[in-house]
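So you can see what is in the structure, the chains are spelled out below.
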Amino acid sequence: MGSKTSKKLVPNRPPPRVPATGPTPTKMVARTRRKMVPPDGGWGWMVVLGSCLSLFFFPAVTVAFGVLFRERLQELGSGATAFTIIANGLSISWSFMALLMAPLCELFGYRRMTIAGGLLAFLTLVLCAFSTSVVAFGLVYSVLGGMACAMSTFSGMVIITRYFDRHKGLTNGIIASAAALGKITMAPVLRVLLDQYGYMWACLLTGALSLHACVSGMLYQPPEWHLIPEKHVTQGGLSRQTSISTMSVTITENGVVEQKDAEALPAPPPRTADDDEGENVIYVMPTTPTTVHPIHKDDEVVLFSRSCEVPPKRDNRSSKVALTDSRLSLFGSMPLLTPVEYKVYDDGDDETQQSSCWGDCLLVKVFSMLNYAMVREPRFHLIAWPNALAIAATINLMYALPGYVASIGYTPYLSAFAISIFSATEAVFRLVFAALSDHSWFPIELAYTAGFTFSALSIAALPLWRCYAWIMGCLVVNGVAMSLTNVLLIHMVAEHLGLQVYAQAVGFFSLINGLVIVVGGSTTGFIRDYTDSYKATFFWIAAVIAVAAGVWISRCCFKTITSKYNKVSNPTQ
């Protein structure tokens, strides 16, 4: 206040030059809050590097199943049925763990979960190296391996939305390209390790490669550390604030500060220093249970009661505002027996906030944090199921392709080269389409629909000719098409569901993907055994993707018809 006097007389304020009987009133001035946004760069590029490392090396765990473990399982007496059960068990465990990753990352952080995933992947490969029975191997690889894959890769896929806004498409493409390059590189690397060092040391070295996820986790700093204030609209090179946010403060009977953000108001006219000195001032005075509260509503006095009550239990799920900004200034006015950190506002019902032994269980807390309302949205299923069908079809295509190429007279090296060409095409075009998708002129939904359509057509045309060049051409077209669907998925989620639920959406997508992969893989194997024809198998895979394409083609047709109808019915618009 200085030497100037207050512009208002406060009833409970001691008169001038009269010694106060209690602590000195505390002056609290409202602060202007600015919206914090992702930096779109800076440390975010280090996060992208960490994501690329984790997604590049994680195929070491999955590729190892076909390269390292096939011969080992045959030595342990495993048949084709046990081999399939172990592979599907990994997918189920991975999918279920991915569903829980969003709440777990909120509780423990992206960094801890990723580092734990890298350590668990290393433990999985070590135990597989020393397993002496099919049952022990299956439990270790299916359960621990699936959990490790989900924990080490989930953060890399979702954390980029916390660091990037305008360039989220480009960063997503870079990470997707790194994952595709990992699939190309890891298979020959593991083959070399197996030939040079034998089974046991190859498993140990593969586990060492999976420890790169720990390096990635160290780069995943909390996004809140790097948020920057939103830039204001500038005129003439000077920053101009277009709106301000107001805050209403209410004091409950327990001395709890309840803060509520009001609607944004237009910027007020310029104010002088004297106006700012006298306004927006709150005097906090200590009171006793017998103190008479002010009658007038415009009194600038906030009374805190010294009556001490049992502090409410902390609950991260409820909407609370902690009294941390002013706890040092209010220390003389708050009761000493009540810790300041417990002075939080809880808008929930008292009956629903009662302590329960179930509420302390981590698993119950994680499941209660899942956004089940999102699953009831039709737009969620519009995105989830076509995406799951496309992923299941692509995986089964990679399983059936080597056998088909060998059946028409080509060597196993040519079949492996065909898969490498498909992965290389995905790696290149994921980056290209990701860079294009950040521009406003790029037709995201139309390109997303075209990806499903051309993928179905290329797979259906693949078994029509026995020429190797034709097979390579179909795989290149399919690689371009699947690049569109993989890269543009983040844009579809942002448009139809919102980026704020992207992490939980990826978890639910993974669960649906696992279920569709298990059912689709079993059906594809049954068709192959029943018909003894690769042509029928490829037609079935193409039909699966055609269903996904039909869903989005129907949506595009519906939007076009609706738009034309609105123009005809409302010609003025």
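First, a word on scope: everything that follows refers to the structure included in this document.

Conventions adopted
Residues numbered from 1 in each chain as written. Predicted model: local features only at pLDDT ≥ 70, side-chain atom pairs only at ≥ 80, totals over all residues. Heavy atoms only, no water. Salt bridge = Lys/Arg side-chain N within 4 Å of Asp/Glu carboxyl O. Helix = DSSP H or I, 4+ residues; strand = E, 2+ residues; numbered from the N terminus. Buried < 20%, exposed > 50% of the residue type's maximum accessible area, 1.4 Å probe, protein only. Core = buried A, V, L, I, M, F, W, Y, C linked by side-chain atoms within 4.5 Å. Contact = heavy atoms within 4.5 Å. Expected span 1.5 Å × (residues − 1).

To continue, consider the pattern of salt bridges. For the coordinates displayed, the defined rule picks out eight salt bridges. As a salt-bridge pair, Asp-195 and Arg-191 come within 3.2 Å of each other at their nearest N and O atoms. With a gap of four residues between them, Asp-195 and Arg-191 both fall in helix α8 (residues 168-210), about one helical turn apart. By relative accessible area, Asp-195 is classed as exposed at 52%. A salt bridge links Lys-559 to Glu-445; the nearest nitrogen and oxygen atoms lie 3.5 Å apart. Highlighted residues: Lys-559 in helix α18 (residues 534-569) and Glu-445 in helix α15 (residues 444-461), separated in sequence by 114 residues. Among the ionic contacts, a cluster of salt bridges with common partners joins Glu-445, Arg-555 and Lys-559.

Below, the discussion takes up the nonpolar core. The biggest cluster of nonpolar side chains holds 116 residues, and the ones touching the most others in it are Phe-69, Tyr-141 and Ile-383. In terms of residues, this core owes the most to one element, helix α13 (residues 378-407), which gives 14 residues. The residues touching Phe-69, leaving out its near neighbours within four places in the chain, are Ala-64, Leu-125, Cys-128, Phe-137, Tyr-141, Tyr-199 and Cys-203.

We now examine helix α5 (residues 110-129). For an α-helix, 3.6 residues make a turn, and residues three or four places apart therefore share a direction. Its 20 residues place the ends of α5 29 Å apart at the C-alpha level, agreeing with the 28 Å of an ideal helix rising 1.5 Å per residue. When α5 is considered as a whole, its buried residues turn out to be Tyr-110, Met-113, Thr-114, Gly-117, Gly-118, Leu-120, Ala-121, Thr-124, Leu-125, Val-126, Cys-128 and Ala-129.

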